[in-house]
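Breakdown of the fold
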Amino acid sequence: MKRAIVILAFVTAALGALAIRVVVEGRRALGDGDAWQLRGRPAEAIRSYETAARWYLPLAPHVGDAYAKLRALAESPHEGTPPPDPKQVAVQLAAWRAIRSAALATRSMWQPHADELAAANVAIARISAGVPQAGTADPAWHRERLGRPTRPSLGAIVLASLGIVLWIGGAIALVRRGIGPSGGLVRRVAGIAGIVIVVGLGLWAAGLYNA
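Residues numbered from 1 in each chain as written. Predicted model: local features only at pLDDT ≥ 70, side-chain atom pairs only at ≥ 80, totals over all residues. Heavy atoms only, no water.

**Regarding the overall build of the protein chain**
Each helix and strand in the protein chain was counted, giving 8 helices and 0 strands. Taken from N to C terminus, the helices and strands of the protein chain fall in the order α-α-α-α-α-α-α-α. The burial tally for the protein chain puts 35% of its 211 residues in the buried class. Considering only intrachain contacts with a sequence separation of at least 6, the fraction spanning at least 24 residues in the protein chain is 59%. For the protein chain, the computed accessible surface area is about 12400 Å², with 64% contributed by carbon and sulfur atoms. (Helix = DSSP H or I, 4+ residues; strand = E, 2+ residues; numbered from the N terminus. Buried < 20%, exposed > 50% of the residue type's maximum accessible area, 1.4 Å probe, protein only. Contact = heavy atoms within 4.5 Å. Areas by Shrake-Rupley, 256 points an atom, 1.4 Å probe, with all protein chains shown as cover.)

**As for a nonpolar patch on the surface**
Together, Ile164, Ile168 and Ile172 make up an exposed nonpolar region whose accessible area comes to about 250 Å². As for its placement among the helices and strands, isoleucine 168 is situated in helix H7 (residues 154-177). For isoleucine 168, a relative accessible area of 47% translates into the label partly exposed. (Patch = residues over 30% accessible without salt bridge, like charges linked within 9 Å, V, L, I, M, F, W, Y side chains within 5 Å. Salt bridge = Lys/Arg side-chain N within 4 Å of Asp/Glu carboxyl O.)

**What about the pattern of salt bridges?**
Under the counting rule described, the total for this entry stands at 6 salt bridges. Between glutamate 75 and arginine 71 there is a salt bridge, with its nearest N and O atoms 2.8 Å apart. The class for arginine 71 is partly exposed, based on a relative accessible area of 26%. Through salt bridges with shared partners, one network takes in Arg41, Glu44 and Arg47.

**A closer look at unusual backbone geometry**
Glycine aside, residues mostly have negative phi, and peptide bonds are mostly found in the trans state. Its identity is not glycine, yet leucine 59 carries a phi of approximately 70 degrees, on the positive side. Relative to the helices and strands, leucine 59 is located in the loop between helix H2 (42-54) and helix H3 (61-74). Given the relative accessible area of 87%, leucine 59 is considered exposed.

**A closer look at the side chain of glutamate 44**
With respect to the helices, strands and loops of the structure, glutamate 44 is situated in helix H2. Here arginine 41 takes part through its side chain, which lies 2.9 Å from a polar atom of the side chain of glutamate 44. (Polar contact = N/O pair within 3.5 Å; in protein donor to acceptor, adjacent residues only side chain to side chain.)

**Section: the environment of asparagine 121**
By the element assignment, asparagine 121 lies in helix H5 (residues 114-129). Overall, the relative accessible area of 14% leaves asparagine 121 in the buried class. With 24 residues separating them along the chain, asparagine 121 and arginine 97 place their C-alpha atoms 8.4 Å apart. A polar side-chain atom of asparagine 121 sits 2.7 Å from a polar atom in the side chain of arginine 100.

**Considerations on the packing of H3 against helix H4 (residues 86-105)**
Between H3 and H4, the shortest axis-to-axis distance is 8 Å and the interhelical angle comes to 150 degrees. Comparing the axis directions of H3 and H4 gives the class roughly antiparallel. In terms of crossing hand, the pair formed by H3 and H4 is left-handed. Facing Tyr67, Leu70, Arg71, Leu73 and Ala74 of H3, the residues of H4 in contact are Gln88, Val91, Gln92, Ala95, Trp96, Ala98, Ile99, Ala102 and Ala103. For the contact of H3 with H4, the class distribution of residues is 11 nonpolar, 2 polar and 1 charged. (Axes fitted to C-alpha atoms, helices over the stretch in contact; angles between N-to-C directions. Parallel < 35°, antiparallel > 145°, perpendicular 65-115°, else oblique. Left-handed = near helix turned anticlockwise from the far one by under 90°. Nonpolar A, V, L, I, M, F, W, Y, C, P; charged D, E, K, R; others polar.)

**Here we look at the nonpolar core**
In terms of nonpolar packing, the biggest core is built from 28 residues, with Ile46, Tyr49, Tyr67, Leu70, Leu73, Trp96 and Ile99 touching the most fellow members. Those elements that place two or more of their residues in this core are helix H1 (2-38), H2, H3, H4 and H5. No other element matches H4, which puts 9 residues into this core. Not counting chain neighbours up to four residues away, the residues in contact with leucine 73 comprise Gln37, Ile46, Tyr49, Gln88, Val91, Gln92 and Ala95. Core analysis: the second largest hydrophobic core is formed by 10 residues, Val22, Ala171, Ala193 and Ile197 among them. (Core = buried A, V, L, I, M, F, W, Y, C linked by side-chain atoms within 4.5 Å.)

**Comments concerning the environment of glutamine 111**
Among the secondary structure elements, glutamine 111 is positioned in the loop between H4 and H5. Judged by relative accessible area, glutamine 111 falls into the partly exposed class, the value being 25%. Apart from the residues within four sequence positions on either side, glutamine 111 is in contact with Ala103, Leu104 and Leu117.

Have a look at this one:
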């Protein structure tokens with residue numbers, strides 16, 4: 001029973017530390033985006049907002065705020081008519097692509113922000129169809145390509161997999177060698193196991209972020 005309590009405490013602490021880092025980094029990126037907006041630098045703002053959205057944690061306020069700010073940049077104020085400035089088109093396209101990229105990067109067993117992803121695919125196809133360099137003026141062609149399944153990079157898979165191995169290995173070491181027969185902690189072994197668990201969680205999160 002004591003072993004289970006100790007393991008639960010370690011896992012809870014590791015997950016709590018990871019969640020705090022996600023929220024802190026997400027809020028920082030969101031603030032950077034607002035600062036770039038005030039300076040009239042939408043391209044930099046879009047990159048910062050995308051970073052904030054990629055620091056995904058269910059119910060974290062900064063994620064929803066990041067998508068909302070990207071949508072504000074992506075949606076034309078002149079609905080039904082092309083924006084008069086080509087630079088505005090570029091900003092809209094970049095914002096929609098950031099929404100799509102962030103949504104795909106945070107998928108796992110389910111797809112968070114599926115509505116935003118679907119809207120981004122439609123908008124990117126519509127805007128790209130009006131760009132001569134895009135290859136074709138048929139929006140359906142662009143939607144079909146955008147709707148194809150995507151896979152995470154090999155590096156991200158390796159990083160996340162290594163994180164899982166370290167996480168599980170650290171937990172096993174903690175159970176088998178980090179707790180003495182009397183139920184007390186073997187401090188040196190338990191400390192090393194705890195570090196391995198935290199590092200594993202960090203690598204797993206980094207792999208998901210860079211997927």
